[in-house]
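Understanding the architecture of this molecule
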Amino acid sequence: MWTSDHDRNRGGAQNSEIEVIGNDLPATSNSSGPLNQRSGSGRRKSARFNIPETSARDDQAFVEITFDVREDSVAFHSVKTADGADVEDPELSLLAKGLEKRASIGSSVIRNASSKIKQVSQELKRLASITNKRPQQGRFDRTKSGAAHALVSLKFISKTDGNNGWAAVDKRFDSLTSSTDWLLPRSLFGECIGMNKDSKEFAVKLFDSLCRRQGITGDSINKTQLREFWNHIADQSFDSRLRTFFDMVDKDADGRITEDEVKEIIALSASANKLSTIQKQADEYAAMIMEELDPDNDGYIMIESLEMLLLQAPSHNVRGDSKYLSQMISQKLKPSRLNPIGIFFRDLTYFFLDNWKRIWVIALWVGVMAGLFAWKFIQYRNRAAYDVMGHCVSMAKGGAETLKLNMALILMPVCRNTITWVRNKTRFGALVPFDDNLNFHKVIAVAIAIGVGIHGIYHLACDFPRLLNASSDTYEPMIQYFGEQPTSYWHFVKSFEGISGIIMVVLMAIAFTLATPWFRRGKISLPKPFNKLTGFNAFWYSHHLFIIVYGLLIAHGIKLYLTHEWYKKTTWMYLAVPMTIYACERLTRAFRSSIKAVKIQKVAVYPGNVLALHMSRPQGFKYKSGQYMFVNCSAVSPFEWHPFSITSAPGDDYLSVHIRTLGDWTRQLKTVFSEVCQPPPNGKSGLLRADFLQGENNPNFPRVMIDGPYGAPAQDYKKYDVVLLVGLGIGATPMISIVKDIMNNIKAIEEENKSLENGTGRRTTISNNFKTKRAYFYWITREQGSFDWFKGIMNEVGEMDNDEVIEMHNYCTSVYEEGDARSALITMLQSLNHAKNGVDVVSGTRVKCHFAKPNWRNVYKRIAVSHPNSRVGVFYCGAPGLTKELKQLALDFSHKTSTKFDFNKENF
């Protein structure tokens, strides 16, 4: 929209405060067609603010605001900076982008904005008086807020490309055409303009439509023609993008779209977005679009109808209250007036507030280790051995003392029953970060490695050489401990203490190495037969080498150098209590799980390699939503137990887990259960199913045992009035249990209230214990078929949550973001089908599906605005990649707003 007037104004003296430019709305590169028959429907006017500021650069001295002006209304359209960049959110553009994108002139803009807007409003009244043409009847009113937001849709390239992306396209053209005489083949067009391989067919359709528009025949184009194509693709005008999209569908260029052409573009869009279900139902959806846009059964639809459907498609973008949101953004972006020292102390304060539980536990642990090391060092500093071995013996003994402590402590974080009992039955959960138990286990392992290194190196490289080289008189006090002075270093190595120490170090090195993420998660590829050293199985079995290590450690402590009194041999004293607790833990697990195997009630194999097991609930098995249990299947391995989140709710009379195939054990488990399954009957979900039915021939299910339940971070959701539940892929499992639990509580409270109204009931503890007033559930998955996993619960929420306690958001990342031309038709189908049948075309549920990935900052922002002065529990389960962003946003919004976010992550 920047014209030569603007260039002249920039080049000359900046005398004019406001420049107003008018142009007719429809302006496309093609002079024919229905789009150019609407020039009288309205005019778009722009006003530029010239902000004289000596410190501002010339290219930042303008702000362009665009309005749609009609006879009886003036509608805000967009804001652009001097470089032509659009502001993303019209509602927040003057505030958010004015502060974020133009920080160099921020204070100047804020000071002058009020007076400038007043001047613009006066000019707009004059412009409105000269626009006397009414919109044509039957045209869609673009001044509606929803339509104005939809005008930014139908992008053929990403936001980061646009007019500035030609340099990259030019470079790719040179690379791709070096062997084709500098002609770009039709098949490489998508790659050249930056589309991925999944959009290859879509790019070919786009190529064909642009060739028809330019009158080009043949399957190749040169760089000049590509530049013309790029100008069409990068055109920011909605009318131009609509024309390009229409031409893609209208293969015969007759200005009409038939049902077959609609069906073809639906199949093409579904293929580009990896939506196989929609691709299979292209006929049905094409008929639905024709029914909507061709009510007279003419057999075709026109471009006006396509525009109407595009602009009527509701946007998923949800805004909070503008006033509070603006105040919050202003607060967040307000420049800090603190000096560097003040900023440091502020950040340090935030760090302590966010991590005080971890800090005091680590500080106590480090303090105890330091005290033990110093005590042992001083003790041997005053003994006769110091005269022979010097500081070496003190260092070795100090390291050994910390090693004893850590070999005892490392067992406690993996005593799951004990931790679950303590966090459920005591108030230690308010002081101790039990959810970091595995992280603490790993930190202790590092301390053990350091202790082993100090103890072993100072003995082998310092103590023993000094004993060998000591004079007879100096060595004499050591005879009672080592016997006659040895003449060979081998004397110390071949002793029990030496051999047992070396064996322990080797076994610990093997266990530690195979426990690292590279080996445990199978990220390292090794040739056969060494490939057996990677994966969960290698980690699981190698960790049991510690049974031998602990036996040798006790024996090593009894055969101690330099100490004969039994009460000074303290290794067994350190280990007695932790080893007893751990032994009881293992016995309890074995005894509890082997009393009675659970009965499998239902098995389903879903898309995405997910196995769902529904099983009987053992008597006395009480759990909370968010907890997990261990599963064993003897048909796969009699010794292996694997943890899985419980997806059923505490109020259900069954237990369920959803297991995704990620490793050897889960792959074999899916195989053995698939063998007893059959394709499901009509109306049943899943690829394969098997149900236990009374009195009929039932499948011979493999024997399954369970152990649990065990505590997890998500089980504490009830202490928050507001919860944000985020599941990534199969990480949605604990969140589904929470959603079901909330629904069960809602139903129970409704029934309780009805009985109280009828005078037949009484108040119970349900309503008193259930504190959650609002829940936001975000599920992000890559595959469309994943929505089959929890289709039932999502439909139940859609039907029964009349008070809208639970807000469900499904995201399918295989679909291009809303506004992309490749997903535009999917958005249309979604709106039509949901309005007609109440079912989303992507998820197959009552919950509408969003495309691409969520904007997490906007998610937090909206919750903060909706729930000021509240404490929000954020619970995340999924791959670690998203953890940092969600945690940092929780900290940012907790520090900058009145809403406090407590971030909790499941161990995944």
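Computed from a predicted structure; not experimentally measured.

Overview of the overall build of the protein
Along the protein, the regular secondary structure elements total 34 helices and 19 strands. The buried share of the protein, taken over its 908 residues, is 48%. Taking as baseline every contact in the protein between residues at least 6 positions apart, the subset at least 24 positions apart corresponds to 72%.

Quick notes on the nonpolar core
Ranked by internal contacts, the top residues of the largest apolar core, which has 92 residues, are Phe189, Leu226, Ile266, Ile278, Phe777, Ile806 and Val842. Not counting chain neighbours up to four residues away, the residues in contact with Leu226 comprise Trp166, Val169, Phe173, Leu184, Phe189, Cys192, Ile193 and Ile221. Ranked by size, the runner-up nonpolar core spans 27 residues in total, among them Tyr623, Val636, Leu655 and Trp665.

Examining the side chain of Thr897
Note that Thr897 resides in the loop between α34 (883-896) and β19 (900-905). In this structure Thr897 comes out as buried when scored by relative accessible area, which is 13%.

Focus: the sheet that holds strand β7 (residues 600-606)
Across the sheet, 4 strands lie side by side as β11-β8-β7-β12; this open sheet has antiparallel pairing. Since the sheet does not close on itself, it has two edges, and those belong to β11 (654-660) and β12 (688-691), each with one partner. Pairs of neighbouring strands in the sheet enclose a mean axial angle of 10°, with direction left out of account. Of the strand pairs in this sheet, β7 and β12 are connected by 4 bridges, and their pairing is antiparallel. Along β12, the bridge assignment pairs Ala604 with Arg689.

A short note on the sheet that holds β19
Adjacent strands of a sheet form backbone hydrogen bonds with each other and so pair up, either parallel or antiparallel. With parallel pairing, 6 strands are arranged side by side in an open sheet as β17-β16-β15-β14-β18-β19. Where the open sheet ends on each side, the last strands, each with one partner, are β17 (849-851) and β19. Averaged over all adjacent pairs, the angle separating strand axes in this sheet is 20°, with direction ignored. Taken together, the 6 bridges between strand β18 (residues 871-877) and β19 define a ladder with parallel strand orientation. What sits directly across from Gly873, in β19, is Asp902. Contacts between helix α29 (residues 733-758) and the sheet are confined to β14 (722-728), β15 (774-781), β16 (806-812) and β18, with β14 contributing the most and set at about 145° to the helix.

Quick word on the packing of aromatic side chains
What the rule picks out here adds up to 24 aromatic pairs. Each ring, one from Tyr860 and one from Phe901, has its centre 5.0 Å from the other, and the planes form 55°; the classification is tilted. Placement of Tyr860 in helix α33 (residues 856-866) and of Phe901 in strand β19 is noted, with a sequence separation of 41 residues between them. As far as burial versus exposure is concerned, Tyr860 and Phe901 are alike and both buried.

Thoughts on the pairing of strand β13 (residues 704-710)
Burial runs high along β13: 7 of the 7 residues are buried. Where strand β9 (residues 628-633) lies against β13, 5 bridges are found, and the strand directions are antiparallel. Bridged to Tyr628 within β13 is Tyr710.

Section: helix α5 (residues 166-176)
Every buried residue belonging to α5 is among Trp166, Val169, Phe173 and Leu176, and all of these are buried. The arc enclosing the buried residues of α5, seen along the axis, measures out at 90°, which places them on a common side. In this structure, α5 carries Ala167, Lys171 and Ser175 as exposed residues pointing more than 90 degrees from its buried face. Against the buried residues of α5 lie β5 (184-185), α6 (189-193), β6 (220-221) and α8 (223-234).

Description of the pattern of salt bridges
Taken as a whole, this structure holds 19 salt bridges when the rule is applied. Across the pair Asp170 and Lys223 runs a salt bridge, and its minimum N-O distance is 2.6 Å. Here the residue Asp170 occupies a position in helix α5, and Lys223 occupies one in helix α8, the gap between them amounting to 53 residues. One connected set of salt bridges, linked through shared partners, spans Asp170, Asp174 and Lys223.

Thoughts on a nonpolar patch on the surface
A cluster of nonpolar side chains, Ile341, Phe344, Phe345, Leu348, Phe351 and Phe352, forms an exposed patch at the surface whose accessible area comes to about 630 Å². Here Phe345 lies in helix α15 (residues 340-381).

What to know about the pairing of β15
Both faces of the sheet carry side chains from a regular strand, because those side chains alternate between them. Burial analysis of β15 places 8 of its 8 residues in the buried class, the great majority of the element. Neither face of β15 is left uncovered, since the one carrying Arg774, Tyr776, Tyr778 and Ile780 and the one carrying Ala775, Phe777, Trp779 and Thr781 both have all their residues buried. Summarising the sheet, β14 and β15 pair through 7 bridges and their orientation is parallel. Residue pairing in the sheet places Val726 in a bridge with Tyr778 of β15. Relative to β16, β15 runs parallel, the two sharing 7 bridges. Counted as the bridge partner of Ile780 is Tyr811 from β16.

Quick look at helix α7 (residues 200-214)
Given a rise of 1.5 Å per residue, 15 residues ought to cover 21 Å, and the 21 Å separating the end C-alpha atoms of α7 matches this to within 8%. Looking at the buried side of α7, the elements it contacts are α6, β6, α8, α9 (238-249), α10 (259-272) and α32 (821-837). Backbone geometry just after α7 places Gly215 at a positive phi near 70°.

Thoughts on the environment of Trp166
The topology assignment puts Trp166 in helix α5. In this structure Trp166 comes out as buried when scored by relative accessible area, which is 13%. Once the C-alpha coordinates of Trp166 and Trp230 are considered, the two residues, 64 residues apart in sequence, prove to be 7.5 Å apart. In contact with Trp166, not counting residues within four places along its chain, are Lys223, Leu226, Arg227 and Trp230.

What to know about unusual backbone geometry
Cis rather than trans, the peptide bond between Gly708 and Pro709 has omega equal to 0°. Along the chain, the position of Pro709 falls in strand β13. Even without glycine at this site, Asn609 takes up a positive phi of about 60°. Taking relative accessible area as the criterion, Asn609 reaches 41% and is therefore assigned partly exposed. You will see that Ala852, though not glycine, has its phi angle at about 60°, which is positive. Inspection of the secondary structure assignment puts Ala852 in the loop between β17 and α33. Residue class for Ala852 comes out buried when judged on its relative accessible area of 17%.

Notes on the side chain of Lys205
Position of Lys205 relative to the elements: it lies in helix α7. Reaching out from Lys205, the side chain makes a polar contact with the side chain of Glu264 at a distance of 2.2 Å. Apart from residues no more than four positions distant in its own chain, Lys205 is found in contact with Met248, Lys251, Glu264 and Leu268.

So, the environment of Thr474
Summarising the element assignment, Thr474 is placed in helix α20 (residues 472-475). Relative accessible area serves as the criterion here: at 33%, Thr474 is assigned to the partly exposed category. Along the sequence, Thr474 and Met389 sit 85 residues apart, while their C-alpha atoms lie 10.0 Å from each other. Contact partners of Thr474, with chain neighbours within four places excluded, come to Asp387 and Val388.

Digging into the packing of α29 against helix α31 (residues 791-800)
Packing of α29 against α31 leaves a shortest axis separation of 11 Å and a crossing angle of 35°. Along this stretch, α29 crosses α31, giving a crossing that reads as left-handed. Two secondary-structure elements touch here, α29 through Ile736, Val739, Lys740, Met743 and Lys747 and α31 through Ile793, Glu796, Val797 and Met800. Residue classes in the contact of α29 with α31 are distributed as 6 nonpolar, no polar and 3 charged.

A few points about the confidence of the model for the protein
When the pLDDT values of the protein are averaged, the result is 75; 75% of them are 70 or greater. Taken element by element, the protein is modelled with least confidence in helix α1 (residues 4-11), mean pLDDT 37, and with most confidence in β14, mean pLDDT 92. Here residues 1-61 scores under 50 on pLDDT; set against residues more than four positions off or in separate chains, the count is 147 contacts. Confidence drops under pLDDT 50 across residues 145-149; counting only partners more than four residues distant or on other chains, this segment forms 9 contacts.

Cut-offs applied
- Residue positions within a chain follow its written sequence, with the count starting from 1.
- In view of the model being predicted, local features appear only for residues whose pLDDT reaches at least 70, and side-chain atom pairs are presented and counted only at 80 or more, with totals across whole chains, interfaces and linings using the full set of residues.
- Derived side-chain values reflect all non-hydrogen atoms in the structure, with water molecules and hydrogen atoms excluded from consideration.
- Strands are runs of DSSP state E lasting at least two residues, helices are runs of H or I lasting at least four, and both sets are numbered from the N terminus onward.
- Only protein chains enter the accessibility calculation, which uses a 1.4 Å probe; a residue whose area is less than 20% of its type maximum is buried, one above 50% is exposed, and one in between is partly exposed.
- In what follows, residue pairs with any heavy atoms lying within 4.5 Å of each other are defined as contacts.
- The definition of a nonpolar core used throughout is a set of buried Ala, Val, Leu, Ile, Met, Phe, Trp, Tyr and Cys residues joined through side-chain atoms within 4.5 Å.
- Here the rule is simple: two strands pair whenever DSSP picks up at least two bridges between them.
- Axis definition: a line fit to C-alpha positions, over the contact stretch in the case of helices; interaxial angles, taken between N-to-C directions, run 0 to 180 degrees.
- In this analysis, rings of Phe, Tyr and Trp, with Trp reduced to its six-membered ring, are considered paired at centre separations within 6.5 Å, and the interplanar angle assigns stacked below 30 degrees, edge-to-face beyond 60, and tilted for intermediate values.
- Directions are taken from the helix axis to each C-beta atom, and the arc is the one they span.
- Whenever a carboxyl oxygen of Asp or Glu lies within 4 Å of a side-chain nitrogen of Lys or Arg, that contact is scored as a salt bridge.
- Put simply, a patch holds well-exposed residues, over 30% relative accessible area, that have no salt bridge, with like charges counted together within 9 Å and Val, Leu, Ile, Met, Phe, Trp or Tyr side chains within 5 Å.
- Each accessible area value is a Shrake-Rupley result obtained with a 1.4 Å probe; residue values ignore everything except the protein chains displayed when judging cover.
- Multiplying 1.5 Å by the residue count of a helix minus one yields the expected span of that helix.
- Any N or O atom pair separated by 3.5 Å or less is treated as a polar contact, with the protein-specific requirement of one donor-capable and one acceptor-capable atom, and with residues adjacent in sequence counted only for side-chain atom pairs.
- Working rule for handedness: look at the near helix, and if it is turned counterclockwise from the far one by less than a right angle, call the crossing left-handed; if clockwise, right-handed.
- Here the nonpolar group is Ala, Val, Leu, Ile, Met, Phe, Trp, Tyr, Cys and Pro; Asp, Glu, Lys and Arg are the charged ones; every other residue, Gly included, is treated as polar.
- Known as pLDDT, the predictor's per-residue confidence is scaled from 0 to 100.

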